[in-house]
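These are the residues of each chain, in order.
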Amino acid sequence: MADLKAFAEQLVNLTVKEVNELATILKEEYGIEPAAAAVAVAAGPAAGGAAAAEEKTSFDVVLKSAGAAKLQVVKAVKEACGLGLKEAKDLVDGAPSTVKEGLAKDEAESLKKTLEEAGAEVELK
């Protein structure tokens, strides 16, 4: 078990260049093509967290402001979240506020697009 921990520590401390070399060796000598995500995870700590940001799988959609078309934004929030009119209005009035949490990237981007088309200013976190 101690050997595996030492090996894991060596992997975590690899530089981006070393990770790329490792990927090349695995592909050419062993026929293993590592997934880009696995390479990014291994490079995450060495890259100062930049790669870790790319790995994010859960997003929160935050309404920063309703913009000029507040009524359209309230309607969009109401439909997207399944809220009543009063709850949707309260959420929009309370901006900045989280509209939905823990969404997959494509769902979050879709919701962001819908809200922005209604006139809102939206941010993904």
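Residues numbered from 1 in each chain as written. Predicted model: local features only at pLDDT ≥ 70, side-chain atom pairs only at ≥ 80, totals over all residues. Heavy atoms only, no water.

K.L.:
Explain the overall build of the chain to me, and be specific about the residues and the numbers.
P.N.:
Helices and strands together make up the secondary structure of the chain, namely seven helices and three strands. If you list the helices and strands of the chain from N to C, you get α-α-α-α-β-α-α-β-α-β. Partitioning the contacts of the chain with sequence separation of at least 6, the portion at a separation of at least 24 is 62%. For the chain, the accessible surface area stands at approximately 8300 Å², while carbon and sulfur atoms represent 55% of it. (Helix = DSSP H or I, 4+ residues; strand = E, 2+ residues; numbered from the N terminus. Contact = heavy atoms within 4.5 Å. Areas by Shrake-Rupley, 256 points an atom, 1.4 Å probe, with all protein chains shown as cover.)

K.L.:
I'd like to hear about the packing of helix α5 (residues 70–81) against helix α6 (residues 85–93), residue by residue, with values.
P.N.:
One can describe the packing of α5 onto α6 by two numbers: an axis separation of 9 Å at closest approach and a directional angle of 120 degrees. In terms of axis orientation, α5 runs oblique to α6. In this structure, the crossing between α5 and α6 has a hand that is right-handed. Touching Lys 70, Val 73, Val 74, Val 77 and Lys 78 of α5 are Leu 85, Ala 88, Lys 89, Leu 91, Val 92 and Asp 93, all from α6. Each residue belonging to the contact of α5 with α6 can be placed in one class, and the counts come to seven nonpolar, no polar and four charged. (Axes fitted to C-alpha atoms, helices over the stretch in contact; angles between N-to-C directions. Parallel < 35°, antiparallel > 145°, perpendicular 65-115°, else oblique. Left-handed = near helix turned anticlockwise from the far one by under 90°. Nonpolar A, V, L, I, M, F, W, Y, C, P; charged D, E, K, R; others polar.)

By themselves, these observations are geometric and do not establish any function.
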